[in-house]
Amino acid sequence: MTKQANVMLDKRAVIANIDERIYGSFIEHMGRAVYGGIYEPDHPEADEQGFRKDVLELVKDLQVPIIRYPGGNMVSAYNWEDGVGPKEDRPRRLELAWQVIETNQFGTNEFADFAKKTNSDVMMAINLGTRGIDAARNLVEYCNHPSGSYWSDLRRSHGYEAPHKFKTWCLGNEMDGDWQIGQKTAVEYGRLAAESGKAMRQVDPDIELVTCGSSGSGMPTFPEWEAVTLEHTYDVADYISLHQYFGNRDNDSQNYLASTMELEHFINTVRSVCDYLKAKKRSKKTMMLSFDEWNVWYHSNEADEKLERWQQAPPQLEDRYNMEDALLVGGILITFLKHADRIKMACLAQLVNVIAPIVTENGGGSWKQTIYYPYMHASVFGRGKSLHTVSASPKFDTKDFTDVPHTDSAVVYREEEEEVTIFALNRHTEEDIRVHYALHDFEGYEVEEHITLHHEDLKAGNSLAQENVKPALSQAHTWEEQELQVELKHASWNVIRLKRRT
Ligand code: AHR
């Protein structure tokens, strides 16, 4: 007998207005993300500034609202001054985090231009590894001050008359990690981040600041790191960062697909620590969450160990994603939507070539990985209000998790457009499941389309030559008297869009 799940919702039961920045991404100076990814001046498809037009189109289709830059681990030893001004004067450096040569032919101003072309905002990260308050406040002045000061006039002399007005700034990157150049203890970091943030705000009071949370829920110092650093940064910061990467290292697909349970626990813990600090400080402010690095990252680990040092733009972290990775990415996006009241930004790490939805060939074509699709669907159709759902799904246990629902859904309501989008996942690897959605207060609505992403082989992936995993339209649903029945194929990601017709 077909398994059955039930979901009830009400348009008045709103979790929050979704901040579209939860569909952000990330470009780090590493591997072929910048050089050979977004920027390849010798490519036949390069525009007058050296940006690959094919990549610009793929990014625009994703409607990426914000892109984090320039790192990542790289930022913790980065001298931002190396990447501005005449290109012939820019130094070649040993980039220590990824053990490569950084030519600095691309820098802050080029990235501002790229972001303009993709209609994205910029989330800048500052170096709190080898540098600190002074370099940070100078960078804010260079980027955001209109004119009449040393750094703002330097920007103007570089051809950028108008300030970039970057609004969002990360106070360093993963400063808890022993791989980080200039790793800090929680107290060291908390003090430095607070003082840097204060100085940056004195330059530009309109900026928003993200304080570094743990590099992942598996860190030995999690969640003590959050508790201690927030003692210092709570007043100055608007967001705390969360980072998490996933991988099916044991080739246990059910356990892998259940790992959104761990994500849920991670988010809830960070929320609680923030609220503890709020209470302790008698603060009126609620600390919001910026999940500014997340993705699947494990396929490329072995290949990366064999890479020679000090190459220029080598193929680092080039994971090739498969069907089950796309399902997990869909599950992560559903989880973010359920926490739309606290998660206000999130960045799929990364955007091009490096653990990315988009892949390019140097001098050649570009293509979409499996994970491109759930990310695009959520970004394009997932804007509006995130609705609460009351659901009952058959459950399963795995090696690491118990009571994992086989199906998971998030619902987005666009009141003005009179549209509802249901994102639904069936993580059962063998059985189709029928889900019954009760949408009783959506009178006059009809199903517009039901998109599904499914492949019988969980390990199937895409390449330049062949797109094996791509969305298709499905008719496996019925809609009668505001009751929607959907057959979710086993191991499938689904987008069901409804619109009011009468
Ligand atoms: O995204 C790849 C790396 O993962 C980033 O540089 C770092 O912040 C994280 O550990």
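Small disclaimer: the values here were computed from a predicted structure and weren't measured.

Each value, and the rule that gives it
Residues numbered from 1 in each chain as written. Predicted model: local features only at pLDDT ≥ 70, side-chain atom pairs only at ≥ 80, totals over all residues. Heavy atoms only, no water. Near = heavy atom within 4 Å. Polar contact = N/O pair within 3.5 Å; in protein donor to acceptor, adjacent residues only side chain to side chain. Areas by Shrake-Rupley, 256 points an atom, 1.4 Å probe, with all protein chains shown as cover. Axes fitted to C-alpha atoms, helices over the stretch in contact; angles between N-to-C directions. Helix = DSSP H or I, 4+ residues; strand = E, 2+ residues; numbered from the N terminus. Left-handed = near helix turned anticlockwise from the far one by under 90°. Contact = heavy atoms within 4.5 Å. Nonpolar A, V, L, I, M, F, W, Y, C, P; charged D, E, K, R; others polar. Core = buried A, V, L, I, M, F, W, Y, C linked by side-chain atoms within 4.5 Å. Buried < 20%, exposed > 50% of the residue type's maximum accessible area, 1.4 Å probe, protein only. Parallel < 35°, antiparallel > 145°, perpendicular 65-115°, else oblique. Salt bridge = Lys/Arg side-chain N within 4 Å of Asp/Glu carboxyl O. Pairing = 2+ DSSP bridges. Phe/Tyr/Trp six-rings, centres within 6.5 Å; stacked < 30°, edge-to-face > 60°. Lys NZ or Arg CZ within 6 Å of the ring centre and 35° of its normal.

(A) Expanded view of the site of the ligand. The environment of the ligand is made up of 13 residues, and the closest members are E28, N73, E174, Y245 and E293. Between N173 and the ligand, the recorded distance is 3.0 Å, taken from a side-chain N or O atom to an oxygen atom. Between an oxygen atom of the ligand and a side-chain N or O atom of E293, the distance comes to 2.6 Å. Protein coverage of the free-state accessible area of the ligand, which is 290 Å², stands at 96%.

(B) Quick look at the packing of helix α6 (residues 224–233) against helix α8 (residues 260–280). As a packed pair, α6 and α8 sit with axes 10 Å apart at the nearest point and diverge in direction by 35 degrees. Helix-helix and strand crossings are classified by hand; for α6 and α8 the assignment is right-handed. When α6 is examined against α8, the residues E226, A227, L230 and E231 are found in contact with a partner set consisting of V270, V273, C274, L277 and K280. When grouped by side-chain class, the residues that make up the contact of α6 with α8 number 6 nonpolar, no polar and 3 charged.

(C) Examining the nonpolar core more closely. Among the nonpolar cores identified, the biggest contains 133 residues, and W169 and F291 are the most heavily contacted of them. Among the elements that line this core, the one with the most residues is helix α10 (residues 323–338), at 10 residues. The contacts of W169, once residues within four sequence positions are left out, are M124, I126, L139, V140, C143, N144, M200, I207, E208, L209 and V210. Within the second largest apolar cluster, 21 residues are counted, among which are L387, V411, Y437 and Y445.

(D) Broad picture of unusual backbone geometry. The amide bond that connects Y69 to the next residue, P70, takes the cis arrangement and shows omega of 0 degrees. Cis rather than trans, the peptide bond between A349 and Q350 has omega equal to 0 degrees. Its place among the elements puts Q350 in the loop between β12 (343–349) and β13 (358–360). Phi at N251 takes a positive value of approximately 50 degrees, unusual for a residue other than glycine. Considering the arrangement of structural elements, one finds N251 in the loop between β9 (239–246) and α7 (253–257). Even without being a glycine, I355 presents a positive backbone phi close to 35 degrees. The topology assignment puts I355 in the loop between β12 and β13.

(E) Region of the structure containing the packing of α8 against α10. Running from amino to carboxyl end, α8 crosses α10 at an angle of 30 degrees, the nearest separation of the two axes being 10 Å. Our classification of the angle between α8 and α10 gives roughly parallel. The handedness of the crossing between α8 and α10 is right-handed. Listed contacts from α10 to T260, L263, E264 and I267 of α8 are L328, G331, I332, T335 and F336. Of the residues belonging to the contact of α8 with α10, the class tally is 5 nonpolar, 3 polar and 1 charged.

(F) The arrangement of the pattern of salt bridges in detail. Scanning all chains against the criterion turns up 39 salt bridges. Across the salt bridge formed by E208 and R21, the nearest N and O atoms sit 3.2 Å from each other. One end of the pair, E208, is in strand β8 (residues 208–211); the other, R21, is in the loop between β1 (3–17) and β2 (24–26), and 187 residues separate them in sequence. Residue class for R21 comes out buried when judged on its relative accessible area of 14%. Salt-bridge contacts for R320 lead to E318; the nearest nitrogen and oxygen are separated by 3.3 Å. Its relative accessible area of 38% is what places R320 among the partly exposed residues.

(G) Broad picture of the sheet that holds strand β19 (residues 419–426). A sheet is described by the order of its strands in space; here 10 strands give the open sequence β22-β21-β25-β19-β18-β15-β1-β20-β24-β23, paired in mixed fashion. Pairing within the sheet leaves two strands with one partner each, and these edge strands are β22 (472–473) and β23 (477–480). Both strand β21 (residues 445–454) and strand β25 (residues 492–500) contribute to a ladder of 9 bridges, which runs antiparallel. Residue pairing for β25: Y445 is matched across the bridge by R500. Sitting on the sheet, α10 touches β1, β15 (385–392), β18 (407–414), β19, β21 and β25, and the angle it makes with β18 is about 55 degrees.

(H) Geometry of the side chain of H428. Note on placement: H428 falls in the loop between β19 and β20 (433–438). Taking the relative accessible area as the measure of exposure, H428 reaches 8% and is therefore buried. Among the polar contacts made by the side chain of H428, one reaches the main-chain amide nitrogen of E431 at a distance of 3.0 Å. Once residues within four sequence positions are removed from consideration, H428 is found in contact with K3, Q254, H406, I433, H490 and A491.

(I) Quick peek at the packing of aromatic side chains. Under the defined criterion, the tally for this structure stands at 23 aromatic pairs. For the pair Y39 and F51, a centre-to-centre distance of 6.3 Å together with 65 degrees between the ring planes defines the contact as edge-to-face. Of this pair, Y39 sits in the loop between β2 and α1 (53–62) while F51 is found in the loop between β2 and α1, placing the two residues 12 residues apart along the sequence. Comparing Y39 with F51 shows no difference in burial state: the two are buried. Here F423 and W493 contribute two aromatic rings whose centre-to-centre distance is 5.7 Å and whose plane-to-plane angle is 15 degrees, an arrangement assigned as stacked. Here the residue F423 occupies a position in strand β19, and W493 occupies one in strand β25, the gap between them amounting to 70 residues. Accessibility classification places F423 together with W493 in one group, the buried group. In textbook terms, an aromatic cluster arises when at least three aromatic residues are bridged by ring pairs, as seen for Y35, Y39, F51, Y69, F106, F111 and F114. Positioned above the aromatic ring of F442 is the side chain of K11, whose terminal nitrogen or guanidinium carbon lies 5.0 Å from the ring centre. The ring of F26 carries the charged tip of R68 above its face, separated from the ring centre by 4.8 Å.

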